[in-house]
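# Understanding the architecture of this molecule
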Amino acid sequence: MKASACSKIILLGEHAVVYGVPAIAVPLSTVRAYVEATPADAFTITADTDPSWRLALTDEHPFIQLVQRIAEQTQTVLPAVRMHIQSQVPIASGLGSGAAIATALARALLAHTGQALPLEKLNALIYESETYYHGTPSGIDNTVIVYEKPVFFQRSQPIQVLDAFEPFTLVIANTGIAAPTREAVADVRRLYERDPKRISKVFEHIQQLVLNGLDAMTRGDWQVLGDAFDANHRLLQDLTVSCPELDALVNEARAAGALGAKLSGGGRGGNLIALVEPAQAAHVEDRLLHAGAVWTKIVEVKP
Ligand code: PMV
């Protein structure tokens, strides 16, 4: 029994989203986490990417907490199976690796025990497991990944699926620097507490860019969306969540002809996204690889 879950990319609004600003995120259906359940002597979780995980899976581990919560909610006991994780999602890089693996794990367990949970319930459980990684996640990662739909996401508001916009092309590039989102989020919190007036202004500005970006997506105005990417990146620099490697690759993408580029996700490493004309995508990707990106992907974003 094999189950999977997509990864995700935040287009606009990361970090500010933690403070109630809306953000736009889209699923990455071609970069996925897989979990296969096969009969075993006892319930175990193993992984391709990190064999030491098995040893580290104490009762406090988010994945163990998650499967126990699922067993509770479906009134079943954990079956004697080996849950084997194979993930294509780079870890700690802004693609929602934790939520993707957790969702695939939940789906594999549910499928194996012949149970089902409404998406809303599954989403709430994955959010809960995200709190172990992030401390105070906004909920955007789990929402996009569980529903596998582009969303306009605002904390404590009903989920707004984006089902009408013009398709566009992104180049995603990974700096190769694994950066825990939790620390970047905590640093932004400190910054905010030190100077709430200034940081609130930054959040307000980001909110405007998210709204402009959404409008540009529906009209197919790629120059405006690209400008929103650029401006959002500058504001993320103000929030201290960029880094020299991200800045260098963002500049390289623009110099190679991208319409706009920004970091995506927690920052301080991880990924950036560049909005490109489809015909430019391979060239921008090539330049980013030459400039030091360790992983790239061209994706067409559509409703
Ligand atoms: O680094 P990622 O992909 O987990 O994205 C985190 C997005 C933040 O806005 C920085 C945090 C959050 O919980 O929304």
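Notes on the structure in this doc start here. (Residues numbered from 1 in each chain as written. Predicted model: local features only at pLDDT ≥ 70, side-chain atom pairs only at ≥ 80, totals over all residues. Heavy atoms only, no water.)

### Section: helix 9 (residues 244–255)
Applicable threshold: The secondary structure listing takes helices from DSSP runs of H or I that are at least 4 residues long and strands from runs of E that are at least 2 residues long, numbered from the N terminus. A helix is expected to span 1.5 Å for every residue after the first. Remark: exposure states derive from per-residue accessible area (1.4 Å probe, protein chains only) relative to the maximum for the residue type, with buried under 20%, exposed over 50%, and partly exposed in between. It is the directions from the helix axis to the C-beta atoms whose arc is reported. In this analysis, two residues are considered to be in contact whenever any of their non-hydrogen atoms come within 4.5 Å of each other.
A rise of 1.5 Å per residue sets the reference length of helix 9, with its 12 residues, at 16 Å; its end C-alpha atoms lie 16 Å apart and thus fit the reference within 8%. Of the positions making up helix 9, those classed as buried are Leu246, Leu249, Val250 and Ala253. The buried side chains of helix 9 occupy one side of the element, clustering within an arc of 105° when seen end-on. Set apart from the buried face of helix 9 by more than 90 degrees, the exposed residues are Pro244 and Ala255. Packed against the buried residues of helix 9 are helix 8 (222–238), strand 8 (260–264), strand 9 (271–276) and helix 10 (281–290). One or two positions beyond helix 9, positive phi appears at glycine 257, with a value near 110°.

### Section: the site of the ligand
Short version of the rule: Whether a residue is near a molecule or strand depends on its heavy atoms: it is near if one of them lies within 4 Å of it. Polar contact is defined as a pair of N or O atoms within 3.5 Å, subject to the rule that within protein one atom must be able to donate a hydrogen and the other to accept it, and that residues adjacent in sequence are counted only when both atoms are side-chain atoms. Per-residue and other accessible areas were derived by the Shrake-Rupley procedure at a 1.4 Å probe size, with only the shown protein chains allowed to occlude residues.
Every one of the 18 residues lining the ligand counts as a neighbour, but Lys8, His15, Ser138, Thr181 and Gly266 are closest to it. A distance of 2.8 Å is found between an oxygen atom of the ligand and a backbone nitrogen or oxygen belonging to histidine 15. Between aspartate 141 and the ligand, the recorded distance is 3.0 Å, taken from a side-chain N or O atom to an oxygen atom. When the free accessible area of the ligand is taken as 380 Å², the share hidden by the protein chains comes to 97%. Secondary structure elements with two or more residues in the shell around the ligand: strand 1 (2–12), helix 5 (140–147) and helix 6 (181–194).

### Description of the packing of aromatic side chains
Filter applied, for reference: Pairing of aromatic side chains requires ring centres within 6.5 Å, counting the rings of Phe and Tyr and the six-membered ring of Trp. Pairs whose planes differ by under 30 degrees are stacked, by over 60 edge-to-face, and all others tilted.
On inspection of all chains with the given rule, the structure shows five aromatic pairs. With a centroid separation of 4.6 Å and an interplanar angle of 25°, the aromatic rings of tyrosine 19 and phenylalanine 203 are classed as stacked. With tyrosine 19 in the loop between strand 1 and strand 2 (23–39) and phenylalanine 203 in helix 7 (residues 196–219), this pair connects stretches of sequence that are 184 residues apart. A centroid spacing of 6.1 Å and a plane angle of 45° characterise the contact between phenylalanine 165 and phenylalanine 168, whose relative ring orientation is tilted. Looking at phenylalanine 168, the relative accessible area reads 3%, which means it is buried.

### Digging into the sheet that holds strand 8
Under the convention used in this document: The rule for pairing is simple: two strands pair if DSSP sees at least two bridges between them. Here the axes come from fitting lines to C-alpha atoms, over the contacting stretch only for helices, and the angles between their N-to-C directions go from 0 to 180 degrees.
If you walk across this open sheet you meet the four strands as 8-9-7-10, and the pairing is antiparallel. Both edges of this open sheet fall to strand 8 and strand 10 (295–301), since each of them pairs with a single strand only. The average angle at which neighbouring strand axes cross in this sheet is 25°, direction not considered. Across six bridges, the pairing between strand 7 (residues 168–174) and strand 9 is antiparallel. Each residue of the ladder has a partner; that of isoleucine 172, found in strand 9, is isoleucine 273. Relative to the sheet, helix 8 contacts strand 7, strand 8 and strand 9, its axis offset from that of strand 8 by approximately 45°. Its contacts with the sheet put helix 9 on strand 8 and strand 9, and the angle it makes with strand 8 is roughly 155°.

### Looking at the nonpolar core
Here is the rule we go by: What we call a nonpolar core is a set of buried Ala, Val, Leu, Ile, Met, Phe, Trp, Tyr and Cys residues that are connected through their side-chain atoms within 4.5 Å.
Leu11, Met83, Phe168, Leu170 and Leu239 are the most contacted members of the largest nonpolar core, which has 95 residues in total. Once residues within four sequence positions are removed from consideration, leucine 239 is found in contact with His15, Val188, Leu191, Ile199, Val202, Phe203 and Ile206. If you look at the next biggest cluster of nonpolar residues, it comprises nine residues, including Val17, Val18, Ala23 and Val151.

### Structural notes on the packing of helix 6 against helix 7
Using the following cut-off: For classification, angles of less than 35 degrees are called roughly parallel, those exceeding 145 degrees roughly antiparallel, those between 65 and 115 degrees roughly perpendicular, and all remaining angles oblique.
The contact between helix 6 and helix 7 brings their axes to 5 Å, and the two run at 120°. Judged on the interaxial angle alone, helix 7 and helix 6 are oblique. Residues Val188, Leu191, Tyr192, Glu193 and Arg194 of helix 6 lie in contact with helix 7, whose contacting residues are Pro196, Arg198, Ile199, Ser200 and Phe203.

### Re the side chain of aspartate 230
On the secondary structure map, aspartate 230 appears in helix 8. Judged by its relative accessible area of 13%, aspartate 230 falls in the buried class. A distance of 2.7 Å separates a polar atom in the side chain of aspartate 230 from a polar atom in the side chain of arginine 254.

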